Amino acid sequence: MELAKNNPTLINKKNIMIWATALVVVVAVSFVPVIFSRYVIYVATLALLYAMLTASYDLIFGYTGQLSFSQGAFFGLGAYTSALLTLSGGLNFWLALPLTVIVGFIIAALIGSPALRLRGSYFAVTTFFLAHFVYLVFLNTDKLTGGPMGLRNIQPPDKLWFIDFSQMNVYFYFVLLFTILVLLFLYYLIYKTEIGRRFVAIREDQDLAESLGVNTSFYKVLSFSISGALAALCGSLFAHYFLLLHPSQFAWFTSEMIVIMTLVGGAGTLIGPVLGAAVVTFILELFRYAPELRFIIWAAALIAILVFEPKGLMGMAKRIRFRRSQ
Amino acid sequence: MTDILEVKGLKKQFGGLVAVNNLDFTIEDGSRTGIIGPNGAGKTTTFAMIAGEHNPTAGSILFEGERIDRLKPSVICKKGAARTFQIVRVFRQLTVYEHIIMGAVAGKSCFSTCSYQTDEIEHLMELTGFENDHDKIAGSLTSARQKQLGLATALATKPKLLLLDELMAGLNLSEIERSLLILRKINEEMGITLVIIEHVMRVIMGLCKKIIVLETGQKIAEGTPKEISENKRVIKAYLGKEEKAYAGN
């Protein structure tokens, strides 16, 4: 009977409430393109894209506990890889997409294996410079990436059965929504299986995990690689939605935004970073009328959030629920 | 009896500091051995080298006749040598039950779901006194209890050799008696070889059949508790001048 308590199943009373809420949110979000203007759809698409990126980042930061500032670099690598595969390689988008994910995984593994030997802030600084290095590569390999001129003429995704992506932006919104749901489900699986258990063990105490038999270097690289592959997936979708790539889109600021969104939402909470991305994107859009003030206001708000609620939106939700139950 | 662990000419140097120097000892299979010595004698460093956390500067460590120095801690753990830490180390956010299961599955190579014997986990929890703490969060336990949790988790890896680093620190007398009973059971019923670093003399003298004394990285004495308590060099290392030690008695 004790065991039943410790083996949470997918369906129990508490989970039904969570699933119901999730369903309502998904349905509500699905109606955004039907009700609102093109601009709102644009912002919502952007929010979804960032939500995916932060979700990909949550694996390495939230679950495995490795602070990394290179998520934007993998995002950019994915975007450029996918764009070049379709532009120069002439591949079909739906073939380029999985290839991009594989490329992202391999590059992350190659970089992660030496970099993850470093710990804590040393690793963080390394990834920071990795992100800048990748940005400089985009900027300076003119012949391949177009350098500061950017990469143009990227085509929207090819036809998939009856869906023509060149005609309707709205479809893209649904592709992203679908991908996020798949991603969250993948995370749920990782979290519930032994791999996730090991990631969490590494986050909680790496030396203890190693002493109990967890091959920490392998699992850290695995986490970093999956995380990088998913960021590359976002990059591929991004490239074929915005149709124009420029190195500045993948400068250090992008990586920083991903970290910030994850913190605002609450790291390691599955749904928190997704919420954080949506909230941050909308807040930044709200202040678009004051472009110079935008980031100053935002910075002040961020400091306030981190001072008053270091565990982010999910921490706040947990506290409110705790207070109600008393 | 065969030796489960054999340490030969072990040396560890951190920059200019020689923490352990030319250390030799053997641990008999199924035995209970204590390692004592003043602070900074190199006890924990020795453990760290056996468990693979540090690579020795020189010398070799044989576990069941096989070289294990320079292997990773996770590999050594899978071979059957587990340890607990001197400082408190727990996965703070896990429940006690999850924490112990982590020990049972961490070293297994499985990607989906690892199997573990629930009755074995329950038995372990009962043995180590956690039978009523399934859902307690590890981080909320007292530090002494967290150390005991470390013992339970290390036991869940099913070790042949268990290195315990100051497990009793911070326990009161009745808790120490209880822990002694647990350790005896672990050794006698489960057949696990114990090597213990401890400052609580009551534990060392009551439990161990052999004691190794270290001072400034070197072995200065080895023998039964009685021999050690009468060894002049040991008394000197602990109390300074010989005369005073005798005066004290």
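Residues numbered from 1 in each chain as written. Chains lettered and ligands numbered in written order. Predicted model: local features only at pLDDT ≥ 70, side-chain atom pairs only at ≥ 80, totals over all residues.

On to the overall build of chain A, then. The helix and strand tally for chain A stands at 16 helices and zero strands. Whereas a compact globule of 326 residues would reach a radius of gyration of roughly 20 Å, chain A reaches 20 Å, a difference of no more than 12%. For chain A, the spread of C-alpha atoms along the principal axes amounts to about 60 × 50 × 45 Å. The proportion of buried residues among the 326 residues of chain A is 44%. Sequence-distant contacts in chain A: of pairs separated by 6 or more residues, those separated by 24 or more amount to 76%. (Helix = DSSP H or I, 4+ residues; strand = E, 2+ residues; numbered from the N terminus. Rg over C-alpha atoms; globule rule 2.2 N^0.38 Å. Buried ≥ 20, exposed ≤ 12 C-beta atoms within 10 Å, placed from the backbone. Contact = placed C-beta atoms within 7 Å.)

What follows is about the confidence of the model for chain B. All names here are of chain B. Mean pLDDT for chain B: 87, with 93% of residues reaching 70 or above. Mean pLDDT in chain B bottoms out at helix H10 (residues 242-248), which sits at 48, and peaks at strand E8 (residues 193-197), which reaches 94. Here residues 244-249 scores under 50 on pLDDT; set against residues more than four positions off or in separate chains, the count is three contacts. Model confidence for the complex: the whole-complex pTM is 0.86, and ipTM, which rates the interface, is 0.87. (pLDDT = per-residue confidence, 0-100.)

Residues and elements named next belong to chain B. Between helix H4 (residues 118-128) and helix H5 (residues 143-156), the least distance of the axes is 10 Å, while the angle of their chain directions is 145 degrees. Between H4 and H5 the crossing geometry is right-handed. Counted together, Ile121, Leu124, Met125 and Thr128 of H4 and Gln148, Leu151, Ala152, Leu155 and Ala156 of H5 form the full contact between these two elements. (Axes fitted to C-alpha atoms, helices over the stretch in contact; angles between N-to-C directions. Left-handed = near helix turned anticlockwise from the far one by under 90°.)

With that settled, consider the interface of chain B and chain A. Contacts between the two partners involve 28 residues from chain B and, on the opposite side, 22 residues from chain A. Those elements giving two or more residues to the side of chain B that touches chain A turn out to be helix H2 (73-79) and helix H3 (96-105) of chain B.

Turning next to the environment of alanine 299 of chain A. Of note, alanine 299 of chain A is situated in helix H15 (residues 291-308). In this structure the C-alpha to C-alpha distance between alanine 299 of chain A and phenylalanine 128 of chain A, which are 171 residues apart in sequence, comes to 20 Å.

Residues and elements named next belong to chain B. With five bridges connecting them, strand E1 (residues 3-14) and strand E4 (residues 58-63) associate as antiparallel partners. In the sheet register, lysine 8 faces E4, and the bridge partner there is serine 60. Bridge count between E4 and strand E5 (residues 66-67): two bridges; the pairing is antiparallel. When the sheet's bridge partners are listed, leucine 62 is paired in E5 with arginine 67. In textbook terms, the turn of a hairpin is the stretch between consecutive antiparallel strands, and for E4 and E5 this stretch comprises two residues, one of which, glutamate 64, has a positive phi near 50 degrees. (Pairing = 2+ DSSP bridges.)

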